[in-house]
Amino acid sequence: MKMLRFRTSSIRSLNQEIQCTVRLLDDTEISCSIQRDTKGQFLLDHVCNHYSLLEKDYFGIRYVDPEKQRHWLEPNKCIVKQMKSHEPYTMCFRVKFYPHEPMKIKEELTRYLLYLQLKRDVYHGRLLCPFLDAAYLGACIVQAELGDYDPDEHPADYISDFRLFPKQTHKLERKIMEIHRTELRGQCPALAELNLLQRAHALETYGVDPHPCKDFTGSTAFLGFTATGFVVFQGNKRIHLLKWADVSKLKFEGKTFYVIGIQKEISFKGRMHCQTLKKLVLTFHTTTPAACKHLWKCGVENQAFYKCAKSSQIRTVSSSNVFFKGSRFRYSGRVAKEVIEASSKIQRDPPEVHRSNFTQSKSFNSLSNKHLIMNMEPLLPALPGPMEGEDISTDCGEMGYT
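Just so you know, these numbers come straight off a predicted model, no measurement behind them.

What counts and how
- Residues numbered from 1 in each chain as written.
- Predicted model: local features only at pLDDT ≥ 70, side-chain atom pairs only at ≥ 80, totals over all residues.
- Heavy atoms only, no water.
- Pairing = 2+ DSSP bridges.
- Helix = DSSP H or I, 4+ residues; strand = E, 2+ residues; numbered from the N terminus.
- Axes fitted to C-alpha atoms, helices over the stretch in contact; angles between N-to-C directions.
- Parallel < 35°, antiparallel > 145°, perpendicular 65-115°, else oblique.
- Left-handed = near helix turned anticlockwise from the far one by under 90°.
- Contact = heavy atoms within 4.5 Å.
- Nonpolar A, V, L, I, M, F, W, Y, C, P; charged D, E, K, R; others polar.
- Expected span 1.5 Å × (residues − 1).
- Salt bridge = Lys/Arg side-chain N within 4 Å of Asp/Glu carboxyl O.
- Buried < 20%, exposed > 50% of the residue type's maximum accessible area, 1.4 Å probe, protein only.
- Phe/Tyr/Trp six-rings, centres within 6.5 Å; stacked < 30°, edge-to-face > 60°.
- Lys NZ or Arg CZ within 6 Å of the ring centre and 35° of its normal.

A few words on the sheet that holds strand 1 (residues 18-23). Across the sheet, 5 strands lie side by side as 2-1-5-3-4; this open sheet has mixed pairing. Edge positions in the sheet fall to strand 2 (29-34) and strand 4 (70-72), since each of these pairs with one other strand and no more. Taken over all neighbouring pairs, the strand axes of this sheet differ in orientation by 35° on average, direction set aside. Examined bridge by bridge, strand 1 and strand 2 share 6 bridges and lie antiparallel to one another. If you follow Cys20 over to strand 2, its bridge partner there is Cys32.

Time to look at the packing of helix 5 (residues 131-146) against helix 7 (residues 189-200). Contact geometry for helix 5 and helix 7: axes closest at 8 Å, N-to-C directions at 160°. Taken together, the axis directions place helix 5 and helix 7 in an arrangement best described as roughly antiparallel. For the pair helix 5 and helix 7, the sense of crossing is left-handed. Touching Leu132, Asp133, Tyr136, Leu137, Cys140, Ile141, Gln143 and Ala144 of helix 5 are Pro189, Ala192, Glu193, Asn195, Leu196, Arg199 and Ala200, all from helix 7. Split into classes, the residues belonging to the contact of helix 5 with helix 7 amount to 10 nonpolar, 2 polar and 3 charged.

Looking now at helix 7. Over its 12 residues, helix 7 extends 16 Å from the first C-alpha to the last, a length consistent with the 16 Å expected when each residue adds 1.5 Å. Lining the buried residues of helix 7 we find helix 4 (108-123) and helix 5.

Per the counting criterion, the structure on display carries 21 salt bridges. Its salt-bridge partner being Lys119, residue Glu145 comes within 2.8 Å of it at the nearest N-O pair. Residue Glu145 is located in helix 5, and its partner Lys119 is located in helix 4; the two are separated by 26 residues in the primary sequence. By relative accessible area, which is 14% here, Lys119 ends up buried. Where Lys175 meets Glu178, a salt bridge forms, and the shortest distance between an N and an O atom there is 3.4 Å. You can see Lys175 and its partner Glu178 sitting in helix 6 (residues 170-181), 3 residues apart, about one turn around the helix. Through salt bridges with shared partners, one network takes in Arg62, Arg70, Asp121, Arg126 and Asp209.

Along the chain, His100 falls in the loop between strand 5 (89-95) and helix 4. The spatial distance from the C-alpha of His100 to the C-alpha of Ala336 is 8.6 Å, given a sequence separation of 236 residues. Ignoring sequence-local partners within four residues, the contact set of His100 consists of His201, Ala227 and Thr228.

Using the criterion set out here, one finds 17 aromatic pairs in the structure. Here Tyr98 and Tyr206 contribute two aromatic rings whose centre-to-centre distance is 5.4 Å and whose plane-to-plane angle is 80°, an arrangement assigned as edge-to-face. Taken as a pair, Tyr98 in the loop between strand 5 and helix 4 and Tyr206 in the loop between helix 7 and strand 6 (211-215) lie far apart in primary sequence, 108 residues in all. Pair check on accessibility: Tyr98 and Tyr206 agree, each one buried. What links up through ring pairs into an aromatic cluster is the set Tyr58, Phe97, Phe305, Tyr306 and Tyr331. A cation sits over an aromatic face here: Arg199 above Tyr136, 3.9 Å from the ring centre. Lying over the aromatic face of Tyr258, Lys251 brings its terminal NZ or CZ to 5.1 Å of the ring centre.

Moving on to the environment of Arg181. Along the chain, the position of Arg181 falls in helix 6. Exposure remark for Arg181: the relative accessible area of 31% places this residue in the partly exposed category. With near-sequence residues (within four places) excluded, Arg181 lies in contact with Tyr149 and Tyr158.

Below is the structure:
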């Protein structure tokens with residue numbers, strides 16, 4: 001009879017604790033210890049328990065590898081096997097799936113966390129805003145975090161103390177001040193935050209996490225995924241919106257990303273019009289294979305979350321036409337319809353919302369580091385100061401450290 005021998009060093013290595021730090025949406029941090037076999041879901045649950053958050057399906061944990069490539073932590077895989085950086089690990093808690101209808105969020109706590117994410121999106125230029133929308137969003141932030149305007153407490157330039165936009169002009173500050181003093185007066189923080197969610201979710205770039213690439217002509221484009229479908233931006237213009245119902249497959253090969261779908265074409269013959277369906281193939285090129293794979297996985301997850309009626313419909317997909325070749329991936333989690341249904345059934349006393357004081361994002365100083373992020377606004381190259389009615393031009397952020 002053979003004796004089983006265990007390597008003492010392997011057992012010791014398996015039980016070794018690893019320190020993890022997670023940066024939250026208000027830039028505070030929490031830490032915990034994990035084992036080498038701890039899966040990603042444990043860390044996400046740890047953060048959600050810290051908040052007493054039930055509507056947690058909208059959120060995820062993001063990290064950046066040594067090559068500056070972003071990733072979402074996969075809940076069903078060991079954390080150590082996903083991380084390529086040296087210990088201790090540092091990650092970020094962020095909104096992963098933006099709610100299509102913020103009013104269907106059940107709890108104020110969840111709305112507050114979405115508000116913090118949108119405040120970051122505004123601050124880092126990810127949420128493109130026409131001038132008046134930018135002023136309104138800025139005023140909502142000021143009202144939520146400062147309260148009503150008080151001439152005895154607030155100097156004439158009090159808005160300049162708030163770093164709301166990377167390129168914040170005096171004209172924009174004056175408009176923010178006007179809206180804050182009048183239109184939003186009397187609103188409590190929760191109502192001001194809800195008003196921001198309502199205005200922001202109507203913007204074209206709401207929920208867009210921009211992936212930089214080149215189209216087939218070599219022009220710079222930014223790809224994104226929303227509750228509606230797959231979007232492509234060039235400059236500040238959305239040039240493609242392919243609804244999820246019309247997207248049949250997402251795939252990638254090396255640094256090339258393909259979106260295969262159906263395009264509806266209407267032709268007229270006399271007084272009659274005919275609608276035909278035409279196959280559409282959009283091709284884009286990323287800077288690295290890792291960036292392309294990350295783009296593909298984001299697309300697969302967003303399509304499953306927003307398109308499927310229930311999680312049992314989700315299937316494992318392949319990055320290639322041949323199923324046993326290429327990468328295989330499956331979104332593991334509830335879908336949007338299930339999340340909304342579960343939210344409607346929440347019955348508990350609402351948890352207390354601990355709002356943080358206004359702070360400047362830690363990642364703002366990284367805006368000048370061209371090796372980590374693009375030194376331009378994600379969807380619009382930097383331009384001179386905005387005029388009335390023009391889009392607010394802001395520097396890009398969060399391309400490396402979200």
